[in-house]
Amino acid sequence: MKSKRKQIEYGAAAVAVWFFGLVLLLFAVCKFCLLGTFNRQKAEGAECTTLYTTEDFSAVNHRRIEFLSGKNTLKGYVWESGESDRLVVISHGFGELSNYYYSVMEYFVNEGYSVLTYDNTGTGESDGLGTKGLSQSAIDLDNALKFIETDAQLKSKSVYLFGHSWGGHAVTSVLNTNTKIKAVASVAGYNSNSGAMLEWMQRRLNMGGFAYTLWPFTAFWAMVDAGENYYMTGVDGINTSGVPVLVVQGGNDDTVLNDSIYAHRDEITNQSVEYYFVENGTHTSLVISDNEKAEKYREQINTEYTELSKLYNGKIPAEAESRFIASIDKRLYNSVNTDTMKEVCAFFEKA
């Protein structure tokens with residue numbers, strides 16, 4: 001009898017150890033996957049030659065800025081439009097750099113706004129070993145707004161926010177703690193860290209229902225990294241602040257859809273919110289023009305760069321790369337979606 005009881009106890013202990021080991025393994029695997037996903041972001045391949053640089057806008061008055069976000073120094077630029085008393089802060093998308101949105105910056109400057117652009121933590125010119133997580137864009141934006149409050153040339157300006165994807169979440173989530181904002185445009189923004197992570201696992205990683213098994217483990221690490229910011233949603237920020245917000249969403253968005261702020265519109269009670277829905281809009285075409293001429297040109301340039309890289313076994317000589325860069329029509333390649341920008345500027349004007 002005692003022997004049988006011991007067998008049961010040993011068996012139960014073995015199951016407990018196995019279960020505990022499995023849990024630890026899942027925690028470790030999820031942490032490893034997150035580190036791989038939220039690694040350092042920089043321009044690669046053809047992007048290094050096709051994206052705008054500050055040199056492409058030498059005619060626009062601009063100055064370099066730096067500010068802290070946690071222990072990391074974030075770097076960016078303030079672009080001036082005469083003596084404008086209006087400032088647009090652009091929060092970029094995940095996997096992109098701030099200069100991906102220089103065409104947006106240029107549009108705002110031409111409309112009479114000053115603009116602040118910067119690279120988020122672990123991105124481009126800014127410090128950081130990685131981008132940390134889905135809430136980091138809001139944390140960085142909050143620190144950008146604190147910088148504005150201390151900058152002699154910026155603190156008196158009315159502040160507007162423009163964000164896309166990762167940045168689309170940031171510009172709404174940050175309203176939970178920053179209400180002195182004139183107006184906001186959230187383009188393809190997601191509502192919450194948890195919802196966006198689950199959607200990413202289900203749709204982008206094709207996990208389907210298995211995503212629900214791993215989600216608690218990824219959520220744990222996300223909470224560790226983001227702290228209280230993990231719980232701040234875009235909808236809560238919109239509702240509690242009362243700030244005018246334009247929510248822009250595309251019907252063919254394959255990155256942010258189920259947890260998009262637009263998908264949560266029935267939860268929004270802020271009467272100053274408007275929606276701009278583009279039936280055929282994709283995640284990127286809401287910002288960068290998807291007209292046929294621009295799309296074909298991008299495909300052409302990307303193909304030519306790939307062929308050039310193959311010609312030199314992946315090590316293109318500086319002189320050859322310089323000639324290639326000089327041949328690119330960057331204005332066509334980076335052409336902005338003017339329909340979206342017209343909607344945004346019209347909304348900002350009446351806010």
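Details of the structure are given in the entry above.
Procedures and definitions
Residues numbered from 1 in each chain as written. Predicted model: local features only at pLDDT ≥ 70, side-chain atom pairs only at ≥ 80, totals over all residues. Heavy atoms only, no water. Patch = residues over 30% accessible without salt bridge, like charges linked within 9 Å, V, L, I, M, F, W, Y side chains within 5 Å. Areas by Shrake-Rupley, 256 points an atom, 1.4 Å probe, with all protein chains shown as cover. Salt bridge = Lys/Arg side-chain N within 4 Å of Asp/Glu carboxyl O. Buried < 20%, exposed > 50% of the residue type's maximum accessible area, 1.4 Å probe, protein only. Pairing = 2+ DSSP bridges. Helix = DSSP H or I, 4+ residues; strand = E, 2+ residues; numbered from the N terminus. Axes fitted to C-alpha atoms, helices over the stretch in contact; angles between N-to-C directions. Contact = heavy atoms within 4.5 Å. Core = buried A, V, L, I, M, F, W, Y, C linked by side-chain atoms within 4.5 Å.

Just to check I follow, could you spell out a nonpolar patch on the surface for this structure?
On the surface, Trp 18, Phe 19, Leu 22, Leu 25 and Val 29 cluster together into a nonpolar patch covering about 510 Å² of accessible area. Taking the relative accessible area as the measure of exposure, Leu 25 reaches 48% and is therefore partly exposed.

How should the sheet that holds strand β2 (residues 72–79) be read in this particular structure?
Through backbone hydrogen bonds, the strands of a sheet pair up, either in parallel or in antiparallel fashion. Taken in spatial order, the eight strands line up as β1-β2-β4-β3-β5-β6-β7-β8 in an open sheet, and their pairing is mixed. At either end of the open sheet lies a strand with only one pairing partner, and these are β1 (62–69) and β8 (273–278). Along the sheet, successive strands turn relative to each other by an average axial angle of 20°, direction set aside. The sheet contacts of helix α3 (residues 102–110) involve β2, β3 (86–91), β4 (114–118) and β5 (158–164), and relative to β4 the element is tilted by about 165°. Taken strand by strand, helix α12 (residues 338–350) contacts β3, β5, β6 (183–187), β7 (245–250) and β8, and its axis lies near 160° from that of β6.

Got a minute to help me understand the nonpolar core in this structure?
Generally speaking, a soluble globular protein has its nonpolar side chains buried in company with each other. Ranked by internal contacts, the top residues of the largest apolar core, which has 36 residues, are Trp 79, Val 88, Ile 90, Val 104, Phe 108, Phe 162 and Phe 348. Secondary structure elements with two or more residues in this core: β2, β3, α3, β5, β6, β7 and α12. Among all residues touching Phe 348, those that are not within four sequence positions of it are Val 88, Phe 108, Tyr 113, Tyr 160, Leu 161, Ala 183, Val 184 and Ala 185.

Explain helix α5 (residues 166–173) here, please?
Given 3.6 residues per helical turn, the α-helix brings residues three or four places apart onto the same face. Across the eight residues that make up α5, a large majority, eight, are buried. Within α5 the residues assigned to the buried category are Trp 166, Gly 167, Gly 168, His 169, Ala 170, Val 171, Thr 172 and Ser 173. Buried positions along α5 lie against β3, α4 (136–150), β5, β6, α8 (234–241) and β7.

Is there a simple way to think about the environment of Asn 110 in this case?
By secondary structure assignment, the location of Asn 110 is in helix α3. For the pair Asn 110 and Gly 21, spaced 89 residues apart in sequence, the C-alpha to C-alpha distance is 59 Å.

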